[in-house]
Amino acid sequence: MAEALYASSESVLDWIANQGSTRAVIAPRQGDDGAIRYEPLEPGDREAARGVLALAGPSLLPPGKLFSPPGEVLFTWGPAEDGSFRVEPRLDRAPRLLAGVHPCDLRAIHLMDRVQADGNPDPHYLARREATAIVGLACSEPCSERCFCEAMGSLDHHEGADVMLAAVDGRILAHARTPLGVSLLADLAGEPCADPEAAWARHRAARPEPFGRALPGSREALGRATTAAWSDPVWTRHTEACLACGTCNLVCPTCYCFDTRDEIDVAHPGCGERCRDWDGCMLPGFAAVAGGHDFRRDLAARQRHRVNRKFAYLPAAHGDASFCVGCGRCGAQCTANIDIFDIARDLLAGSPDDAPEAEVSA
Amino acid sequence: MRPRIAFFDFASCEGCQLAILNCEDRLLDLLQLVDIVEFREALSEKGARYDVAFVEGSIHREIDAERLRDIRARSRLLVALGACASTGNVQAAANALSPAENFARVYGEAARNRVQADRRHWPLWAHTRVRPIEEVVEVDHHLRGCPVVPEEFLRFLGHVLAGTRPMERPHAVCTECKAAGVRCVFERGETCMGQVTWAGCRAICTRQGYRCDGCRGLLPDANLAAHRRVLREHGLDDEAIDARYDLFCAAGRQAIEEGPL
Ligand code: SF4
Ligand code: SF4
Ligand code: SF4
Ligand code: SF4
Ligand code: SF4
């Protein structure tokens, strides 16, 4: 069996669409409103699969949210027939294929796989994740004017994909990265590619340089600058316009915080469901604890926390250079135009020496 | 014992009570589990003490405030039902005008003068200021929106029956746009109140392709100065912005911009 193939776009679309006979295929699709969403594909609908190879900007929400959908039911409870109290976890192991995942989102999934398996594993995420095959698509050009995936080290990320696709020499390179990927490729019509690394080199050479927005320093330097800026006015400056709407958290592929809620059956108040909703550190009440005390009420402190999670805290906890993958979604969807790229650039530039230390309460 | 629940209305269109009567299928289940002791639009039986009092409408006169205090004293839980009770709703825009001027705007100068001179109509002028019920009594829970979301009403009662209380998370409607995968209206050049408005409606308006007009009320920590800047950048002038705030959030805006009385 071939580890890598060259195929035409049309055969790739047939291949993706035909996967629908064995597993649900989730693929990016541009809606009438112009937004791209990852949606289930009807089996065999190759026209709808075109988004897998298209490069029309980042999706509204990152595809990795598939593994923790909003409002999911974690477990149900109620009395069992024998009178005992029954709690039943809901684990979704339906086989899926997630197709057309771009490198930034792939890297985010790879990071979330680590976070969700670590310490206190999340069985709901892991059940969906383990049942899902991923076909990635390498980007040939920046998806939007907000992207800075290369600066965040995401552009050449492949880990987590079972098969990576890339446009090379007018054809599509399909490169298996896992044993599952090798078996998926058995159904793809194409010619064997003997030297995939050489093909990747040609793909990379054809890309614009620099790719997307560049930062004036490495990710390691950014992590150090973030830590050093604890009392810097940068947080206040990038928060004055903030509406605390939480959009930057909820559209981020590496934000995974949640809150839980109980839904009680009105007709049978002893029965119900525990559901989980997306939450985020920019939202009011995120850090409120019993008794109503909120230990991070100040908006600038919330912004500082969010940015530290991306550039300092999570990298330190999980051993990676950054947890921002540079997708550009948070800046693009913030109605106040607050962009983490601008914050990162300011952090790397350092604050002017005469800047007064800002009072940011914890 | 089955919880005794009651419904009361002040200045409102009674649309919230209707919205609840409209969840007929679930209401029948509910009637087995609670005693509805007062419901102006459904029953006339009177009861003295309530486990849950649902209060619809805003408070305009001192006699209304007194009646509300009496309801509070007789109720274990008191719930604001809908936008009028929770925020003062559209009628709170009248607070920016004197009652006489407001009357003239609606009915004309001649009618106003006639009513002002006729002592039989003097009780009309007992109207002081439009207040959300929380300005008068302590409120245990808010069911927001114009009208209320029937599922939220049912969820609340489910919790009461189970001896708990649903959380009120002070989140913006934007969170529900994200959960529903709605493309933000600002991206198509329109403007929205959703960033400063209580969520809980599951972003029903933006999901239908419209914008959020803020019927669930302003969030307590809403950054109105920043929101105004965003609206200006998207082409609204201050008059248009004030009109947008005052549609559903006049009382809330007065409280945030001018501080408590
Ligand atoms: S941010 Fe980079 S990797 Fe992500 S979609 Fe855009 S171009 Fe591709
Ligand atoms: S999206 Fe923008 S306005 Fe909303 S919380 Fe984030 S930074 Fe603030
Ligand atoms: S912080 Fe912003 S740019 Fe970075 S990964 Fe999250 S959404 Fe994308
Ligand atoms: S449409 Fe309105 S409510 Fe929805 S995200 Fe945009 S600003 Fe927020
Ligand atoms: S989207 Fe806005 S206007 Fe519409 S119901 Fe919700 S809060 Fe009210």
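Residues numbered from 1 in each chain as written. Chains lettered and ligands numbered in written order. Predicted model: local features only at pLDDT ≥ 70, side-chain atom pairs only at ≥ 80, totals over all residues. Heavy atoms only, no water.

Please give an account of the overall build of chain B that cites residues and values.
Along chain B, the regular secondary structure elements total 11 helices and five strands. Here the C-alpha radius of gyration of chain B, 20 Å, is about what a compact globule of 261 residues would show, namely 18 Å. The C-alpha extent of chain B, read off along each of the three principal axes, is 55 × 55 × 30 Å. When the 261 residues of chain B are sorted by exposure, 53% land in the buried category. If you take every contact in chain B between residues at least 6 apart in sequence, the share linking residues at least 24 apart comes to 73%. Surface summary for chain B: the accessible area is close to 12,500 Å², and the carbon and sulfur share equals 52%. When the 35 basic and 38 acidic side-chain charges of chain B are each reduced to a single mean position, those positions are 1 Å apart. (Helix = DSSP H or I, 4+ residues; strand = E, 2+ residues; numbered from the N terminus. Rg over C-alpha atoms; globule rule 2.2 N^0.38 Å. Buried < 20%, exposed > 50% of the residue type's maximum accessible area, 1.4 Å probe, protein only. Contact = heavy atoms within 4.5 Å. Areas by Shrake-Rupley, 256 points an atom, 1.4 Å probe, with all protein chains shown as cover. Lys, Arg positive; Asp, Glu negative; His and termini not counted. Charge placed at Lys NZ, Arg CZ, Asp CG, Glu CD.)

Kindly report on the state of the cysteines, identifying the contributing residues and their values.
Note: disulfide means a covalent bond formed between the sulfur atoms of two cysteine side chains. Residue and element names in this part refer to chain B. By the definition in use, this model includes zero disulfides over all chains. Note on cysteine 13: no disulfide assigned, nearest cysteine sulfur contributed by cysteine 146 at a separation of 6.2 Å. We classify cysteine 13 as exposed; its relative accessible area is 67%. (Disulfide = S-S within 2.5 Å.)

Describe the domain arrangement of chain A, with residues and values.
Residue and element names in this part refer to chain A. Splitting chain A by domain gives domain 1 (4-205) and domain 2 (219-349). Distance from the C-alpha centre of domain 1 to the C-alpha centre of domain 2: 25 Å. Between domain 1 and domain 2, a total of about 3,400 Å² is buried, with carbon and sulfur atoms accounting for 58% of that surface. Per-residue buried area on domain 1 facing domain 2 is highest for Trp77, Arg146 and Phe148; these three make up 22% of the total on that side. Across the domain 1-domain 2 interface, the total number found is seven salt bridges. For arginine 114, the salt bridge identified is with aspartate 320, shortest N-O distance 3.3 Å. Looking at which element gives the most residues to the side of domain 1 that touches domain 2, the answer is helix H2 (residues 103-117), with nine residues. Its residues assigned to classes, the side of domain 1 that touches domain 2 shows 23 nonpolar, nine polar and nine charged. (Domains from an automatic or database assignment. Buried area = accessible area lost by both parts, 1.4 Å probe. Salt bridge = Lys/Arg side-chain N within 4 Å of Asp/Glu carboxyl O. Nonpolar A, V, L, I, M, F, W, Y, C, P; charged D, E, K, R; others polar.)

I'd like a rundown of the site of ligand 5, residues and numbers included.
Neighbouring residues of ligand 5: Thr197, Cys201, Ile204, Cys205, Cys212, Asp213, Gly214, Cys215 and Arg216 of chain B. Residues belonging to the shell around ligand 5 are distributed by class as follows: five nonpolar, two polar and two charged. (Near = heavy atom within 4 Å.)

Explain the interface of chain B and chain A residue by residue, including any values.
At the junction of the two partners, chain B supplies 34 residues and chain A supplies 34 residues. When chain B packs against chain A, the two sides together hide about 2,800 Å² of surface, and 60% of this comes from carbon and sulfur. Among the residues chain B hides against chain A, the three largest losses belong to Arg169, Lys178 and Arg183 of chain B. Together they make up 21% of the total. Put simply, chain B and chain A have five salt bridges between them. The closest approach of N and O atoms between arginine 169 of chain B and aspartate 279 of chain A, which form a salt bridge, is 3.8 Å. Connecting chain B to chain A are nine residue pairs in polar contact (both at pLDDT 80 or more). Of all the secondary structure elements, the ones that give two or more residues to the side of chain B that touches chain A are helix H2 (24-31), helix H7 (150-162), helix H8 (173-180) and helix H10 (224-233) of chain B. (Polar contact = N/O pair within 3.5 Å; in protein donor to acceptor, adjacent residues only side chain to side chain.)

Could you give me a rundown of the side chain of arginine 128 of chain A, with the residues and numbers involved?
Residue and element names in this part refer to chain A. As for its placement among the helices and strands, arginine 128 is situated in helix H3 (residues 123-130). Side-chain polar atoms of arginine 128 contact the side chain of glutamate 72, separated by 3.0 Å. Discounting chain neighbours no more than four positions away, the residues touching arginine 128 are Leu66, Phe67, Ser68, Pro69, Glu72, Asp92 and Arg96.

A description of the sheet that holds strand S3 (residues 50-56) of chain B should follow, citing residues and the corresponding values.
All names here are of chain B. Judged by pairing direction, the sheet is parallel, and its five strands sit side by side in the order S2-S1-S3-S4-S5 without closing on themselves. The open sheet has two edge strands with one neighbour each: strand S2 (35-39) and strand S5 (141-143). Neighbouring strand axes in the sheet, compared pairwise and without regard to direction, differ in orientation by 25° on average. Strand direction decides the pairing type here: S3 and strand S4 (residues 75-81), joined by six bridges, are parallel. Residue pairing in the sheet places alanine 53 in a bridge with leucine 78 of S4. The sheet strands contacting H7 are strand S1 (4-9), S3, S4 and S5, and the helix crosses S3 at an angle near 165°. (Pairing = 2+ DSSP bridges. Axes fitted to C-alpha atoms, helices over the stretch in contact; angles between N-to-C directions.)

Which residues make up empty space enclosed by the protein, and what values go with them?
Residues and elements named next belong to chain B. Tallying each qualifying case throughout the model produces seven cavities of 30 Å³ or more. A volume near 150 Å³ is recorded for the largest cavity. For the largest cavity, the lining is made up of 18 residues, of which Cys174, Cys177, Cys184, Val185 and Cys192 are closest to its centre. Among the elements that take part in the lining of the largest cavity, H8 stands out by supplying four residues, more than any other. Counted by class, the lining of the largest cavity contains 10 nonpolar, six polar and two charged residues. (1 Å grid on protein atoms, 1.4 Å probe; cavity = no way out; pocket = protein on both sides within 12 Å on 5 of 7 lines; lining within 4 Å. Points joined across faces, edges and corners; volume = space filled by probe spheres on them.)

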